[in-house]
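A look at the structure
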Amino acid sequence: MTEVDLFISTQRIKVLNADSQETMMDHPLRTISYIADIGNIVVLMARRRMPRPDTQENEEASDPGQESRRQYKMICHVFESEDAQLIAQSIGQAFSVAYQEFLRANGINPEDLSQKEYSDLLNTQDMYNDDLIHFSKSENCKDGLKNQSRIKLNIVRCPPVTTVLIRRPDLRYQLGFSVQNGIICSLMRGGIAERGGVRVGHRIIEINSQSVVATPHEKIVHILSNAVGEIHMKTMPAAMYRLLTAQEQPIYI
């Protein structure tokens with residue numbers, strides 16, 4: 001293993017090689033979609049835009065509507081530290097401060113919604129449709145081993161459609177995620193959306209039993225912005241949605 005220095009701010013998370021000070025990891029905070037501490041292990045997942053051929057980039061430059069079709073990949077980083085819990089808490093605090101700065105930048109006073117009031121709400125809610133719970137169940141997993149290779153695969157059966165339940169008492173509580181053209185782009189860690197099972201990179205296909213597949217972006221935002229109580233949504237990975245709606249052709253390997 002390599003010894004590293006970890007830097008956390010309200011803008012980004014950066015990791016340097018402790019000896020050479022060479023940058024090994026540098027992610028904007030808004031691209032962090034998951035963080036957890038497990039004993040002395042810290043797991044961090046970040047979303048990164050995949051490079052596209054120059055020809056496609058030029059096409060996108062002439063067609064802004066193509067922006068939502070850009071491909072993303074998830075990068076998983078695993079660190080070992082005796083301060084794993086403190087590191088995870090520090091990243092969570094960075095999210096909290098960044099979120100308050102975001103509210104102020106948009107003309108919302110965070111003091112209108114006290115931290116205790118928000119924390120009390122979260123403490124009354126269970127994690128809904130949690131990935132770790134699903135992946136940890138042995139009945140959802142099987143081992144696979146490719147011939148002529150030493151790479152062992154752990155295949156997890158995941159349903160194509162994810163059911164989401166967000167509990168929002170009133171409009172003072174932010175949903176804690178952003179959406180663009182129906183696709184969930186970012187997620188506030190520890191918020192009511194994350195606890196409800198919302199996942200970055202998923203396409204919203206239904207809100208409170210109402211299909212939004214053909215619904216314009218502005219109307220989806222309006223529906224979500226004014227929804228209170230229990231908000232039921234169905235989502236699926238955006239890549240799968242594009243394949244099912246013939247926006248992309250499958251690649252056979």
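Every value quoted in this text rests on a predicted model; they were computed, and no experiment measured them. (Residues numbered from 1 in each chain as written. Predicted model: local features only at pLDDT ≥ 70, side-chain atom pairs only at ≥ 80, totals over all residues. Heavy atoms only, no water.)

**Section: the nonpolar core**
- If you look at the biggest cluster of nonpolar residues, it comprises 21 residues, and the most contacted ones within it are Ile166, Phe177, Val198, Ile204, Ile207, Leu224 and Met233.
- When residues of this core are traced back to their parent elements, those giving at least two are strand S9 (162-168), strand S10 (177-180), strand S11 (183-187), helix H5 (192-195), strand S12 (202-207), helix H6 (217-225) and strand S14 (229-237).
- Looking at this core, the element that brings in the most residues is H6, giving three residues.
- Ranked by size, the runner-up nonpolar core spans 16 residues in total, among them Met25, Ala46, Ala88 and Ala98. (Core = buried A, V, L, I, M, F, W, Y, C linked by side-chain atoms within 4.5 Å. Buried < 20%, exposed > 50% of the residue type's maximum accessible area, 1.4 Å probe, protein only. Helix = DSSP H or I, 4+ residues; strand = E, 2+ residues; numbered from the N terminus.)

**Describing unusual backbone geometry**
- The phi dihedral of Gln21 is positive, around 60°, even though this residue is not glycine.
- When you line up the elements, Gln21 lands in the loop between strand S2 (12-17) and strand S3 (23-28).

**Brief notes about the sheet that holds strand S1 (residues 4-8)**
- Strand order in the open sheet made by the three strands is S1-S2-S3, with antiparallel pairing throughout. Lying at the two open borders of the sheet, with one neighbouring strand each, are S1 and S3. The average angle at which neighbouring strand axes cross in this sheet is 10°, direction not considered.
- As defined by bridge partners, S1 adjoins S2 across five bridges and the pair is classed as antiparallel. (Pairing = 2+ DSSP bridges. Axes fitted to C-alpha atoms, helices over the stretch in contact; angles between N-to-C directions.)

**Description of the sheet that holds strand S5 (residues 41-49)**
- Ordered by their spatial adjacency, three strands build an open sheet running S4-S5-S6, and the pairing between neighbours is antiparallel. Each having just a single partner strand, strand S4 (32-38) and strand S6 (72-80) make up the two edges of the open sheet. Shown here is a sheet whose adjacent strand axes are inclined to one another by a mean of 15°, direction ignored.
- Inspection of the sheet shows S5 paired to S6 by nine bridges, in the antiparallel sense. Directly across from Arg49, in S6, lies its bridge partner Tyr72.

**Overview of the pattern of salt bridges**
- All chains considered together, the criterion is met by three salt bridges.
- Residue Arg12 is joined to Asp26 by a salt bridge in which the shortest nitrogen-to-oxygen separation is 2.7 Å. Of this pair, Arg12 sits in strand S2 while Asp26 sits in strand S3, and the two are 14 residues apart along the sequence.
- On the accessibility criterion, Arg12 (33% relative accessible area) is partly exposed.
- For Asp26, a relative accessible area of 28% gives the class partly exposed. (Salt bridge = Lys/Arg side-chain N within 4 Å of Asp/Glu carboxyl O.)

**A closer look at the environment of Ile166**
- Relative to the helices and strands, Ile166 resides in strand S9.
- Each C-alpha atom of the pair Ile166 and Val228 lies 9.0 Å from the other, and the pair is 62 residues apart in sequence.
- For Ile166, the contacting residues outside a window of four places in its chain are Leu175, Phe177, Ile192, Ala193, Val198, Gly229, Glu230, Ile231 and Met233. (Contact = heavy atoms within 4.5 Å.)

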